[in-house]
Amino acid sequence: LGGPDPLDYVSMYRNLGNPALNVPEHWHYVSFGLSDLYGDNRVHEFTGTDGPSGFGFELTFRLKRETGESAPPTWPAELMQGLARYVFQSENTFCSGDHVSWHSPLDNSESRIQHMLLTEDPQMQPVQTPFGVVTFLQIVGVCTEELHAAQQWNGQGILELLRTVPVAGGPWLITDMRRGETIFEIDPHLQERVDKGIETDGSNLSGVSAKCAWDDLSRPPEDDEDSRSICIGTQPRRLSGKDTEQIRETLRRGLEINSKPVLPPINAQRQNGLNHDRAPSRKDSLESESSAALIPHELIRTRQLESVHLKFNQESGALIPLCLRGRLLHGRHFTYKSITGDTAITFVSTGVEGAFATEEHPYAAHGPWLQILLTEEFVERMLEDLEDLNSPEEFKLPKEYSWPEKKLKVSILPDAVFDNPLH
């Protein structure tokens, strides 16, 4: 399936599988155009043969072939084209272990397969081309419960579990859109493995695009000159280019100097942008190699705040316990980047280096980028107070949580509040 632009091309193949490995016959889709096809700077900048070709990867997808099906369905190609367009428009890349929250059946049916994980294609090894190296990342369709497990723990761990369940993917991680049960329903013992992994490893999710905002309660709302949040009757102040790049690098590198560079998807329409640490350690850093040169002389006037009000929609708010339990209690950080305004909120623990929030001044802002430092003791208390966030079916909006002695307030609000620029 092709179009006028290289990113529009997807090849489709009938794969006979491998009966010896219990791999069923399936359709195999492969994109081309995310890598450099020409080497003449027509689409991608040619950077030499040793580096990545174009974006350095192509997408693949394996769909179980239904009995009597003589031609491959075209919807996977359209799905891949949408992801490819996102990569071209944002210049953000994917990496094995990343996930995409899609919130809709991938084939527009009634299927429970509504999200995606990404991993190395089991058959297609990295290729050295005249224009650089190309790897092949396979899209794997998953249920909402499996996505949440990947968020709470990590994508690679869930992918390994999917490989052990033939009807949920098997060794080649073949997507079956008719699968009606999650891996945890098929084998309840797998939930125990996830719970143990979360307790031992924490979460590898370090950032998410979200519907969020924040207000400085210690500053009069009419003081627009120094407003650093979305206020009634005002437009959000924009992040500087250097702040934007630092946040981008913070997410891209997972705040780990030796991690592989990656910024998974951020899409205001249907996806949440997510990031997975590559080499988690107890001691994170808010600096990266490319942004370190901007610190400190390029960081203009960082303000310490006395009191703040955080605002999230329900989906974003549901990730707060993950942020606290899976990240901060493991000495890490978590960033919310607004998809409706130019705002960012980063939670940090006392073990994170390079933060401009400190124990003495736990709320600090640089432009519309807010950092909040939470001690382990306060995190434990917040987890108790926010326990009902884990029961969305019993949740009624709006919902407010307040810790007066900490001068912190958190509100969970309807989506419509964030869709209105004058909220």
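Residues numbered from 1 in each chain as written. Predicted model: local features only at pLDDT ≥ 70, side-chain atom pairs only at ≥ 80, totals over all residues. Heavy atoms only, no water.

1. A short note on the sheet that holds strand 12 (residues 308-313)
Strand order in the open sheet formed by four strands is 9-12-18-17, and the pairing between neighbours is mixed. Each of the sheet's edge strands pairs with one partner strand only, and the pair in question is strand 9 (212-216) and strand 17 (399-403). Strand-to-strand twist across the sheet, computed as the mean angle between neighbouring axes with direction ignored, equals 15°. The sheet contact formed by strand 12 and strand 18 (residues 408-413) spans six bridges and is parallel. Opposite V308, over in strand 18, you have L408 as the bridge partner. Running at roughly 150° to strand 17, helix 9 (residues 376-385) makes contact with strand 17 and strand 18 of the sheet. (Pairing = 2+ DSSP bridges. Helix = DSSP H or I, 4+ residues; strand = E, 2+ residues; numbered from the N terminus. Axes fitted to C-alpha atoms, helices over the stretch in contact; angles between N-to-C directions. Contact = heavy atoms within 4.5 Å.)

2. Re empty space enclosed by the protein
Any space left empty among the atoms is revealed by the rolling of a water-sized probe across them. Considering all chains together, one arrives at one cavity of 30 Å³ or more under this definition. In this structure, the largest cavity spans a volume of roughly 40 Å³. Every residue along the wall of the largest cavity is listed here: L310, I320, L324, F347, M382, L386, L408 and V410. Those elements giving two or more residues to the lining of the largest cavity turn out to be helix 8 (320-327) and strand 18. Here the lining of the largest cavity is composed, by residue class, of eight nonpolar, no polar and no charged. (1 Å grid on protein atoms, 1.4 Å probe; cavity = no way out; pocket = protein on both sides within 12 Å on 5 of 7 lines; lining within 4 Å. Points joined across faces, edges and corners; volume = space filled by probe spheres on them. Nonpolar A, V, L, I, M, F, W, Y, C, P; charged D, E, K, R; others polar.)

3. Some words on the pairing of strand 18
Of all six residues making up strand 18, five are buried, and the element is well covered by its neighbours. Bridging between strand 17 and strand 18 involves five bridges; their strand directions are antiparallel. Of the residues in strand 18, the one forming a bridge with K399 is I412. Hairpin remark: strand 17 followed by strand 18, antiparallel, with four residues in the connecting loop; positive phi at K407, about 55°. (Buried < 20%, exposed > 50% of the residue type's maximum accessible area, 1.4 Å probe, protein only.)

4. Digging into the confidence of the model for the protein
Looking at the protein as a whole, its pLDDT mean stands at 82, while 78% of the residues score no less than 70. Confidence, expressed as mean pLDDT per element, reaches its minimum in the protein at strand 10 (residues 274-276) with 38 and its maximum at helix 4 (residues 183-186) with 98. Of the regions scoring below 50 in pLDDT, residues 223-237 engages in 36 contacts with residues more than four places distant in sequence or in other chains. Note on residues 254-300: pLDDT is under 50 here. Beyond four places in sequence and across chains, it has 149 contacts. (pLDDT = per-residue confidence, 0-100.)

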